[in-house]
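Breakdown of the fold
Take a look at the letters that make up each chain.
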Amino acid sequence: MRETTKKCPYCSVTIAINDTQCFSCKNKVGEPDDHGIAKKPTDWMSYIYAVVSIGAFSGFIYWLFFLKDKGG
């Protein structure tokens, strides 16, 4: 038997199987797992921001300790 509802992984509200956003907490939800709880979608933009921020910070530290005294 195919389920027609799933549970929001953030607030545990029951929502329709085709919903992509919880009406209660407004978070995005994915497909249900074997237990009927919706999967949390991966937020790739956060990973991209983190990598760019770490790169910028590393560049600043390199400049601060290795290039600043050389006039670069």
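Above this text you will find the structure in question.
Here's what I pulled together on the structure shown here. (Residues numbered from 1 in each chain as written. Predicted model: local features only at pLDDT ≥ 70, side-chain atom pairs only at ≥ 80, totals over all residues. Heavy atoms only, no water.)

**Details of the overall build of the chain**
A count of helices and strands for the chain gives 1 helix and 2 strands. Of the regular secondary structure in the chain, the N- to C-terminal order runs β-β-α. Its C-alpha atoms give the chain a radius of gyration of 22 Å, clearly above 11 Å, the size a compact globule of 72 residues would have. Taking all 72 residues of the chain together, 11% fall into the buried category. Here the chain holds 9 positive side-chain charges and 7 negative ones, and the gap between their average locations is 6 Å. (Helix = DSSP H or I, 4+ residues; strand = E, 2+ residues; numbered from the N terminus. Rg over C-alpha atoms; globule rule 2.2 N^0.38 Å. Buried < 20%, exposed > 50% of the residue type's maximum accessible area, 1.4 Å probe, protein only. Lys, Arg positive; Asp, Glu negative; His and termini not counted. Charge placed at Lys NZ, Arg CZ, Asp CG, Glu CD.)

**Focus: the side chain of Lys-6**
With respect to the secondary-structure elements, Lys-6 resides in strand 1 (residues 5–7). This buried residue, Lys-6, is left without a salt bridge; Glu-31 holds the nearest opposite charge, at 5.3 Å. There is a polar contact of 3.3 Å between the side chain of Lys-6 and the backbone oxygen of Ile-17. For Lys-6, the residues in contact, after removing those within four places along its chain, are Val-13, Thr-14, Ile-15, Ala-16, Ile-17, Asp-19, Val-29, Gly-30, Pro-32, Gly-36 and Ala-38. (Salt bridge = Lys/Arg side-chain N within 4 Å of Asp/Glu carboxyl O. Polar contact = N/O pair within 3.5 Å; in protein donor to acceptor, adjacent residues only side chain to side chain. Contact = heavy atoms within 4.5 Å.)

**A look at the environment of Tyr-62**
Relative to the assigned elements, Tyr-62 resides in helix 1 (residues 44–67). Relative accessible area serves as the criterion here: at 46%, Tyr-62 is assigned to the partly exposed category.

**Concerning the packing of aromatic side chains**
By convention here, two paired aromatic rings are described through the distance between centres and the angle between planes. Under the defined criterion, the tally for this structure stands at 3 aromatic pairs. Ring centres of Trp-44 and Tyr-47 lie 5.7 Å apart, and the angle between their planes is 50°; on these two criteria the pair is classed as tilted. With Trp-44 and Tyr-47 both in helix 1 and 3 residues apart, the pair spans about one turn of that helix. Look at Tyr-47 and you get exposed, because its relative accessible area is 51%. (Phe/Tyr/Trp six-rings, centres within 6.5 Å; stacked < 30°, edge-to-face > 60°.)

Function cannot be inferred from these measures alone, as they are strictly geometric.
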